[in-house]
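# Descriptive structure summary
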Amino acid sequence: MHPAPSVIVFTTLSGLGFGLLFWLALGLPDVTGWVAFVFFAIAYALAVGGLMASTFHLGHPERAMKAFTQWRSSWLSREGLCAVGALLAMAVYGAALVFLEMRLATVGLIGAILCVGTVFTTSMIYAQLKTVPRWNTPLTPLLFLSLSLAGGALLAGQAIIALVLLPVAAAAQVAWWFRGDKALAESGTNLATATGLGNIGSVRAFEPPHTGTNYLLREFVHVVGRKHAAKLRMIALAFGFTAPFVLLLVPFSHFVALIAVASHLAGIAASRWLFFAEAEHVVGLYYGKR
């Protein structure tokens, strides 16, 4: 798949933002007043900024409101509804903390559930696609949720929780890569099944269907070299998980915390780029790209 920058920014930032909101909803950290305001400002900047970035990949952004009406069948619509619900609930919860120094536990619990629901519905947009075998696995929601909660804990300053969740997220990432590398081959999809001509003999492409590029090639066919992908995987693991984990073990300082967060963000961005760049859409079979 084409690794569009807008979608990479969306999935990276919004996951961290909703992860941070989740922990704030549970009272971690237990802050009020202007300290709470700073935490909520960061969380909303990430969550809303990521959601806004996703609209740049829409062909007709002015039609985005129509997506909210298709919640019965569309994970995109469910994501939108969960996101709006989470942001509204957490706005009420955050306002009470900032201005009244009061924690509305029930509202916070509702907000926490909706934050998790938002990340889950985002992951299901990809996990539901049988045409992309690498994504079509329960490991995709597990990966999105573990990254969101681990990153959120890191941003919330919950070192003990982050020390537990970062290895869990790293394991989910490695498992997702390991399973994904075999997904297309194990799906049984090839040129013969894609064309429906396998019953009459061996099928191969005689000539490309056209001499130039088209929408399908631009959006659904992207080939990344194995050596390049291997390097980026090492970068993602080193910066996204290992470095933050090690930094959490040293004596706390705001500078160290900032470096840990920046490292994690860089690593997850690399992971997200690979998430799209390595995804083999079966339409590539028609063009001899798989």
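See the structure above.
Because the structure is a prediction, the values reported are computed rather than measured.

### Notes on a nonpolar patch on the surface
- On the surface, a cluster of nonpolar side chains totalling about 430 Å² of accessible area is made up of Trp34, Phe37, Val38 and Ile42.
- Note on placement: Val38 falls in helix α2 (residues 33-54).
- Note on Val38: relative accessible area 46%, which makes it partly exposed.

### A short note on helix α6 (residues 159-186)
- Taking 1.5 Å of rise per residue, the 28 residues of α6 would be expected to cover 40 Å, and the 40 Å separating its terminal C-alpha atoms lies within 8% of that figure.
- Along its length, α6 reaches its greatest deviation from straightness, about 30°, at Gly180.
- Positive phi shows up at Gly188, right after α6, with a value of about 80°.

### Examining the pattern of salt bridges
- Per the counting criterion, the structure on display carries 4 salt bridges.
- Here Arg134 and Glu280 are joined by a salt bridge, their closest N and O atoms 3.1 Å apart. Separated by 146 residues along the polypeptide, Arg134 in the loop between α4 (105-127) and α5 (139-155) and Glu280 in the segment after α10 (254-277) bring together distant segments of the chain.
- Overall, Arg134 belongs to the buried group, its relative accessible area being 3%.

### Looking at the packing of α4 against α5
- Contact geometry for α4 and α5: axes closest at 8 Å, N-to-C directions at 145°. Relative to α5, the crossing made by α4 is right-handed. Residues Val116, Val119, Phe120, Thr122, Ser123, Met124, Tyr126 and Ala127 of α4 pack against Thr140, Pro141, Phe144, Leu145 and Ser148 of α5.
- Partitioning the contact of α4 with α5 into residue classes produces 9 nonpolar, 4 polar and no charged.

### A word on the side chain of Ser77
- Positionally, Ser77 belongs in helix α3 (residues 75-99).
- A polar contact is formed between the side chain of Ser77 and the backbone oxygen of Phe68, at a distance of 3.3 Å.
- At 3.0 Å, the side chain of Ser77 forms a polar contact with the backbone nitrogen of Trp71.
- For Ser77, the residues in contact, after removing those within four places along its chain, are Ala67, Phe68, Thr69, Gln70 and Trp71.

### Some words on the packing of aromatic side chains
- Applying the stated rule across the entire model yields 13 aromatic pairs.
- Here Phe275 and Phe276 contribute two aromatic rings whose centre-to-centre distance is 5.1 Å and whose plane-to-plane angle is 80°, an arrangement assigned as edge-to-face. Each member of the pair, Phe275 as well as Phe276, carries the same accessibility label: buried.
- Cluster of aromatic residues (ring-pair linked, three or more members): Tyr126, Trp135, Phe144, Trp176, Phe275 and Phe276.
- Above the plane of the ring of Phe144 lies Arg272, whose end atom (NZ or CZ) is 4.1 Å from the centre.
- A cation over a ring is seen here: Arg272 above Phe275, with NZ or CZ 5.9 Å from the ring centre.

### Section: the environment of Gly94
- Structurally, Gly94 is set in helix α3.
- Here the alpha-carbon distance between Gly94 and Leu21, two residues 73 residues apart in the chain, equals 9.6 Å.

### Here we look at helix α9 (residues 226-249)
- Taking 1.5 Å per residue as the helical rise, α9 with its 24 residues ought to reach 34 Å, and the 33 Å between its terminal C-alpha atoms agrees with that figure.
- At Thr242, α9 shows its strongest bend, of approximately 35°, with the proline Pro244 following within four residues.
- Along α9, the residues classified as buried are Ala229, Leu232, Arg233, Ala236, Gly240, Phe241 and Pro244.
- On its buried face, α9 is in contact with α5, α6 and α10.

### Here we look at the nonpolar core
- Membership of the largest hydrophobic core comes to 61 residues, with the highest contact counts inside it found for Phe18, Leu21, Phe40, Tyr126 and Trp135.
- Elements that contribute at least two residues to this core include exactly α1 (5-25), α2, α3, α4, α5, α6, α9 and α10.
- Looking at this core element by element, the count peaks at 10 residues for α1.

### Some points on unusual backbone geometry
- Each neighbour pair has its own omega, and for Leu28 with Pro29 the value is 5°, a cis peptide bond.
- Relative to the helices and strands, Pro29 resides in the loop between α1 and α2.
- Phi at Glu101 takes a positive value of approximately 50°, unusual for a residue other than glycine.
- Checked against the element boundaries, Glu101 lands in the loop between α3 and α4.
- Residue Glu101 is classed as exposed on the basis of its relative accessible area, which comes to 57%.

Rules behind the numbers
Residue numbers run consecutively from 1 along every chain, following the written order of its sequence. Note on the predicted model: pLDDT of at least 70 is required for a residue's local features to be given, and 80 or more for side-chain atom pairs to be given and counted; whole-chain, interface and lining totals, by contrast, use all residues. Side-chain measures here rest on the full set of heavy atoms in the structure, leaving out hydrogens and waters. Two joining distances apply to patches: 9 Å for like charges and 5 Å for nonpolar side chains (Val, Leu, Ile, Met, Phe, Trp, Tyr), and every residue must have over 30% relative accessible area and no salt bridge. In this description, accessible areas are obtained by the Shrake-Rupley approach with a 1.4 Å probe, and a residue is regarded as covered only by the protein chains that are shown. One side-chain nitrogen of Lys or Arg within 4 Å of one carboxyl oxygen of Asp or Glu is enough to make a salt bridge. Under the DSSP-based scheme used, a helix requires at least four consecutive residues in state H or I and a strand at least two consecutive residues in state E, with every element numbered from the N terminus. Any residue under 20% of the maximum accessible area for its type is buried, any over 50% is exposed, and the rest in between are partly exposed; the area is computed with a 1.4 Å probe on protein chains only. Helix span, as expected, comes to 1.5 Å for every residue beyond the first. A residue's bend is given by the angle between axes fitted to the 7 residues ending at it and the 7 residues starting at it. To get an axis, a line is fitted to the C-alpha atoms, and for a helix only the part in contact is used. The angle between two axes follows their N-to-C directions and goes from 0 to 180 degrees. Should the near helix be turned counterclockwise from the far one by less than a right angle, the crossing is left-handed, whereas a clockwise turn marks it as right-handed. By definition, residues are in contact when any of their heavy atoms lie within 4.5 Å. All residues other than Ala, Val, Leu, Ile, Met, Phe, Trp, Tyr, Cys, Pro, Asp, Glu, Lys and Arg, Gly among them, are scored as polar; the first ten of these are nonpolar and the last four charged. Polar contact criterion, stated in full: a pair of N or O atoms within 3.5 Å, where within protein one must be able to donate a hydrogen and the other to accept it, and residues adjacent in sequence count only if both atoms are side-chain atoms. Two aromatic rings, drawn from Phe, Tyr or Trp (for Trp, its six-membered ring), form a pair once their centres lie within 6.5 Å of each other, and the interplanar angle then sorts them: stacked below 30 degrees, edge-to-face above 60, tilted otherwise. Geometrically, a charge over a ring is one whose NZ (Lys) or CZ (Arg) sits within 6 Å of the ring centre while staying within 35 degrees of the ring normal. What we call a nonpolar core is a set of buried Ala, Val, Leu, Ile, Met, Phe, Trp, Tyr and Cys residues that are connected through their side-chain atoms within 4.5 Å.

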